[in-house]
Amino acid sequence: MTVPPRIRVWDLPTRIFHWALVALAVFSFTTGKIGGDWMAWHLRSGYAVLTLLLFRLLWGLVGSTTSRFAHFVRGPRAAIAHARNLLATGTAVAFGHNPLGGWMILLMLAAFLLQAVSGLFSDDEIATQGPLAAKVSNAMVSRMSALHSYNEWVLVGLAALHLAAIATYTFVLRAPLVGAMVHGTTVHGPSGAVRGFRESPTWLAALLLATCAGFVYWLVVVFARG
Amino acid sequence: MKKRIAIAVFATLAAAASAQQVKLEDQIKLRRAAYDMMGYGFGDLAAMAQDKKPFNKEEAEHDADLAVAASTVPKRFFPEGSDKDTKAKPEIWQNRADFDSKMDHMIAEVAKLPAVVRAGDMAAFKKQVGATGQACKACHDKYRAK
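Conventions adopted
- Residues numbered from 1 in each chain as written.
- Chains lettered and ligands numbered in written order.
- Predicted model: local features only at pLDDT ≥ 70, side-chain atom pairs only at ≥ 80, totals over all residues.
- Helix = DSSP H or I, 4+ residues; strand = E, 2+ residues; numbered from the N terminus.
- Buried ≥ 20, exposed ≤ 12 C-beta atoms within 10 Å, placed from the backbone.
- Contact = placed C-beta atoms within 7 Å.
- Core = buried A, V, L, I, M, F, W, Y, C linked by C-beta atoms within 7 Å.
- Nonpolar A, V, L, I, M, F, W, Y, C, P; charged D, E, K, R; others polar.
- Expected span 1.5 Å × (residues − 1).

Undergrad: How should the overall build of chain B be read in this particular structure?
TA: A tally of helices and strands in chain B yields seven helices and zero strands. Taken over 146 residues, chain B has a buried fraction of 26%. Counting contacts in chain B only where the partners sit at least 6 residues apart, residues at least 24 apart contribute 73% of the total.

Undergrad: Looking at this structure, how should I read the overall build of chain A?
TA: A tally of regular secondary structure across chain A gives eight helices and two strands. Ordered by position in the sequence, the α and β elements of chain A form the string β-α-α-α-α-α-α-α-β-α. Considered along the principal axes of its C-alpha atoms, chain A spans approximately 65 × 35 × 30 Å. Counting every position in chain A, which comprises 226 residues, the buried fraction comes to 29%. For chain A, contacts bridging at least 24 residues in sequence account for 69% of all contacts bridging at least 6.

Undergrad: I keep staring at the environment of Ala-94 of chain A and nothing clicks. Help me out?
TA: Residues and elements named next belong to chain A. Among the structural elements, Ala-94 can be located in the loop between α4 (76-89) and α5 (99-120). Classification of Ala-94 as buried rests on a count of 22 C-beta atoms within 10 Å. Taking C-alpha positions, Ala-94 is 9.1 Å from His-82, a pair spaced twelve residues apart along the chain.

Undergrad: It is not clear to me how the nonpolar core should be interpreted in this structure. Could you clarify?
TA: For soluble globular proteins, nonpolar side chains are generally found buried alongside one another. Membership of the largest hydrophobic core comes to 26 residues, with the highest contact counts inside it found for Leu-45, Ala-67 and Leu-113 of chain B. If you list the elements that add at least two residues to this core, you get α2 (24-49), α3 (57-71), α5 (96-111), α6 (113-119) and α7 (122-143) of chain B. Formed by 18 residues, the second largest nonpolar core is a distinct cluster that contains Phe-17, Leu-43, Val-49 and Phe-112 of chain A.

Undergrad: Just checking my understanding: could you explain the interface of chain A and chain B for this structure?
TA: Counting residues at the interface gives ten residues for chain A, matched by 14 residues for chain B. The dominant element in the side of chain A that touches chain B, judged by the number of residues it contributes, is helix α6 (residues 138-172) of chain A, at three residues. The class makeup of the residues in the side of chain A that touches chain B is five nonpolar, three polar and two charged.

Undergrad: How should I be thinking about helix α1 (residues 12-34) of chain A in this particular structure?
TA: The α-helix advances 3.6 residues per turn, and as a result positions three or four apart in sequence lie on the same side. All names here are of chain A. With 23 residues, α1 extends 33 Å from end C-alpha to end C-alpha; this agrees with the ideal 33 Å at 1.5 Å per step. When we look at burial in α1, the residues that qualify are Pro-13, Thr-14, Phe-17, Leu-24, Ser-28, Thr-31 and Gly-32. Where α1 is buried, its residues touch α2 (39-62) and α8 (202-225). Phi for Gly-35, located one or two positions after α1, is positive at around 75°.

Undergrad: Help me understand α5 of chain A, please; the structure alone is not making it clear to me.
TA: Residue and element names in this part refer to chain A. With 22 residues, α5 extends 33 Å from end C-alpha to end C-alpha; this agrees with the ideal 32 Å at 1.5 Å per step. Listing the buried residues of α5 in full gives Pro-99, Gly-101, Gly-102, Phe-112, Gln-115, Ala-116, Ser-118, Gly-119 and Leu-120. Against the buried residues of α5 lie α2, α3 (69-72), α4 and α6.

Undergrad: I tried to follow unusual backbone geometry on my own but got confused; where do I start?
TA: In terms of backbone geometry, most residues other than glycine have negative phi values and most peptide bonds are trans. Residue and element names in this part refer to chain A. Positive phi, close to 55°, is recorded for Glu-125, a residue that is not glycine. Summarising the element assignment, Glu-125 is placed in the loop between α5 and α6. Assessed through the 18 C-beta atoms surrounding it within 10 Å, Glu-125 is described here as partly exposed. For Arg-174, which is not glycine, the phi torsion reads 55° and is therefore positive. Here Arg-174 lies in the loop between α6 and α7 (177-183).

And the structure:
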């Protein structure tokens, strides 16, 4: 029996982005629920999340093949075809994000971005204000705070859906997605054909991440106090 | 005897005045004013605790005393039905005992602020500001609409 060759599917920056976002999302949720002194960490965590999201948007343009929006953002027809095929054959064939998963990625990125940005303008009317709350009207702060509260549950719902999908792919369709996101390789290619995977340099990711961090620092410290 | 009757009459009148004579509209106004005062005093203390502004003992004492005075007010002005056009949730009157106990907890935590401010122990001050914020949050999370 031959062991099928493992092929690269996720680059290192995308994997680090993913697991860092998982950790920060849990940390943000928890510190927000505890409140009190932990709110200072809730804000810092939000800045880190914003940095990661901005990085991911850029990486969606210049990252490795499977990380690019152009690779995984497909029309609704492709998504429906994937779902049909999935139901009919019970197998999930895709390299990188499948057409259905691609939409989920966009949805999650948008919802996380909304959460991070609304947080900048929020005020809990206790002792914590987002760094940009003082820059806008009270009516806007009130709307942003409400949005920040409601969208929290949208994120919880999306995370639950994400986990349910992974469980289905792992246990029903036998596609080991979690491992691929850890070590970045898969044997799960379309009928043995190794699709082209162009890897973008990791130094470029580091440079972009540093740039995003710099921008967020400027936004929440320099601009906010100016 | 006359004196005792006079006292009884006065007590009855006073009770009626404090409990009944304030219009619903004005009760909402009063509790909001108290929250604003508390928010001003406590918000200033929180800014000092979070190192957003330097600790100024004189100002902090004033903030803490103001917060204490305002903290006991809202609890008195949550009559049934006063949730209309406010962020107060109707659950307040379904769980009045729980609401009141959360209010009492907040009042107790705010009451500790003047002493820690006067003692000037920054670690204790920061800790008490955090604990007070959590007491506010307990009620907001459950009984205040977004």
